[in-house]
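Architecture and fold: a report
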Amino acid sequence: MSRTRRVLAGALLTGLAVLTGAGAAAADDASPSPSASGDASGPTEAGTTFRTATAVQQGETATAGASTGDYLYWVFPADAGQRATVTAKVTLPESATRHGAQTWQVDVYDGLRRRQACMYGKQTGTAAADAATVELTCVLRTVRANAEAWANDPLPGSYYVRLTVVDLAQADLGLPVRTEVEVDSKDQGGSADVDGSLSKPLVPGVSSAEQASDDGTDASAEPVAMAGEPEDGWSSGWWTSRWLWTAGGGVLAALAGVFGYSVTRGRGRPSHVPPGA
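Residues numbered from 1 in each chain as written. Predicted model: local features only at pLDDT ≥ 70, side-chain atom pairs only at ≥ 80, totals over all residues. Heavy atoms only, no water.

This brings us to the overall build of the protein. The helix and strand inventory of the protein stands at three helices and 12 strands. Within the protein, the proportion of its 277 residues that are buried is 36%. Considering only contacts in the protein between residues 6 or more positions apart, those separated by 24 or more positions represent 72%. Of the roughly 15400 Å² of accessible surface on the protein, a fraction of 54% belongs to carbon and sulfur atoms. (Helix = DSSP H or I, 4+ residues; strand = E, 2+ residues; numbered from the N terminus. Buried < 20%, exposed > 50% of the residue type's maximum accessible area, 1.4 Å probe, protein only. Contact = heavy atoms within 4.5 Å. Areas by Shrake-Rupley, 256 points an atom, 1.4 Å probe, with all protein chains shown as cover.)

This part is about the pattern of salt bridges. Under the definition given, this model contains five salt bridges. A salt bridge links R114 to D110, with the shortest nitrogen-to-oxygen separation between them at 2.7 Å. The pair R114 / D110 is uniform in exposure class, with both members buried. As a salt-bridge pair, R144 and D153 come within 3.4 Å of each other at their nearest N and O atoms. Each member of the salt-bridge network shares a partner with another, and the members are D107, R115 and R162. (Salt bridge = Lys/Arg side-chain N within 4 Å of Asp/Glu carboxyl O.)

Here we come to the side chain of T142. Here T142 is to be found in the loop between β10 (133-140) and β11 (157-167). Looking at T142, the relative accessible area reads 14%, which means it is buried. A polar contact of 3.2 Å, which involves the side chain of T142, links it to the side chain of R83. (Polar contact = N/O pair within 3.5 Å; in protein donor to acceptor, adjacent residues only side chain to side chain.)

Turning our attention to the pairing of strand β6 (residues 102-109). The element β6 is largely enclosed, with a buried count of eight among its eight residues. What you see with β6 is no split at all: Q102, W104, V106 and V108 on one side and T103, Q105, D107 and Y109 on the other are buried throughout. Note: β6 against β11, seven bridges, orientation antiparallel. Across the sheet, the residue bridging to Q105 is T164, located in β11. Inspection of the sheet shows β6 paired to strand β7 (residues 115-116) by two bridges, in the antiparallel sense. Each residue of the ladder has a partner; that of Y109, found in β7, is R115. Following β6, the chain reverses through five residues before pairing antiparallel with β7; R113 in that reversal takes a positive phi of roughly 65 degrees. (Pairing = 2+ DSSP bridges.)

Next comes the structure, spelled out in structure tokens:
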């Protein structure tokens, strides 16, 4: 009897250790992946509209030369469970050529061109007349695998970054600037999982390309701007770390039931009681 209890107690402790290890692994997954280190070089130009946005992958640094007053666009893919961070740096002209302070702003839009709010970060920054650079940051909400039609939640697909100056002296329009944009993300793990998933990520142009392919026409000839997909592809949406917790909880519940039964069932009929009594 005592041996059985020891075995069951050991199994319970082992199950708890497995679940604790799974939780630690999920926490480790929340750290930036090696591909998001920011060391990779990226494109050296920027689009000027949503349709001509330059594609950039997470972990790359996109650079572009432009004129003060231009609208600069980049587009990147973000998958379910990721919390993206957009960092922008603008190198301003020599202070001797400028006529006052400048205010720059970075905005992020999803594949439906809905403006996404920044959870935190310096989305708008003002550079003094003698400043050499201005740096901006926008930390987006975690991308959800699915959401209600009326919600403005971030969904898997393309995300557009728009960088522009919003306030400056009129005489400074057209001055040359140098820009850098980097996109990073952290995987939030099972805490961000929801029921359901989109049938297709919100990537503009996918439907047009698929229709052209079905019609037998050349899809590459379509004027479609697409951000591509993450390096490891889009997630299927059905597998989450919650499956591990569900399975582990079921095993622990079964072991606890067996242990409880072994404790409460007793030793059976006492040996000194005659049969049939």
